[in-house]
Amino acid sequence: QVRLVESGGRLVHTGESLRLSCVVLGDSAVNFAMGWFRQAPGQEERKFVSTCNWNGGSTYYDDSVKGRFTISKDNRANMLYLQMDDLKSEDTATYFCAAIDDTLPAFRPDEYRYWGQGTQVTVSS
C-alpha cells in the first residue's frame, strides 16, 4: 500500500525559506507524477501549488508561488521536495503531498490517488 509522509513544516517569519519533504513508502516514486497542494486555515478546498512529471523534469506552478517555490523529485531516494523562498503570510496553510498513477503532471486534487497527512506551515509577520 502506498503511503506519503510529509515533513518540514514549521513556524517561520516573512521572507524566510523552508523546505518541505515527502517520502513515498510502499512503492517506487518513479511510478508517479506528484504534486503539492495547500489548504489555508478555514478553507475546505485544497489548492494547487506545484506539480512535476515522473522524473521531475517538467514542473508547473501556481502563479501565486511562481519564482518563489521550487518542486523537485529524487526517485532514487523516493522523495519529493518543495523549496519555499521569500515566504509570505498568505503562504500559511497545511501543505499536502500527492501522487498520481501516471507519468504526466496533474493540476486538480481529484486527479490524485494518494495523499499524505499534511504538514503545517505558518508564516508570521
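See above for the structure.
Residues numbered from 1 in each chain as written. Predicted model: local features only at pLDDT ≥ 70, side-chain atom pairs only at ≥ 80, totals over all residues. Heavy atoms only, no water.

Draft legend 1. Molecular detail of the pairing of strand E3 (residues 18-25). Alignment of strand E1 (residues 3-7) against E3, held across five bridges, turns out to be antiparallel. Its bridge partner lying in E3, Arg3 is registered against Leu25. Sheet topology note: the E3/strand E8 (residues 79-84) ladder contains six bridges and is antiparallel. Across the sheet, Leu18 pairs through a bridge with Met84, a residue of E8. (Pairing = 2+ DSSP bridges. Helix = DSSP H or I, 4+ residues; strand = E, 2+ residues; numbered from the N terminus.)

Draft legend 2. Representation of unusual backbone geometry in the model. Located in the positive-phi region is Asn78, a residue other than glycine, with phi close to 60 degrees. With a relative accessible area of 18%, Asn78 lands in the buried category. Backbone geometry places Asp86, a non-glycine residue, at a positive phi of 50 degrees. (Buried < 20%, exposed > 50% of the residue type's maximum accessible area, 1.4 Å probe, protein only.)

Draft legend 3. Molecular detail of the sheet that holds strand E7 (residues 69-74). As summarised here, the arrangement of the four strands in space is E1-E3-E8-E7, forming an open sheet in which the pairing is antiparallel. In the strand order of this sheet, the two ends are held by E1 and E7, each with one partner. Direction aside, the axes of adjacent strands within the sheet are offset by 15 degrees on average. Here E7 pairs with E8 via six bridges, running antiparallel. When the bridges of E8 are listed, Thr70 appears paired with Gln83. (Axes fitted to C-alpha atoms, helices over the stretch in contact; angles between N-to-C directions.)

Draft legend 4. Representation of the nonpolar core. With 28 residues, the main nonpolar core has Leu4, Met34, Trp36, Leu82, Met84 and Tyr95 as its most contacted residues. Listing elements by their share of this core, those giving two or more residues are E3, strand E4 (33-39), strand E5 (47-52), E7, E8, strand E9 (93-100) and strand E11 (119-124). By size, the runner-up hydrophobic cluster in this structure holds seven residues, among which are Phe37, Phe48, Ala98 and Tyr112. (Core = buried A, V, L, I, M, F, W, Y, C linked by side-chain atoms within 4.5 Å.)

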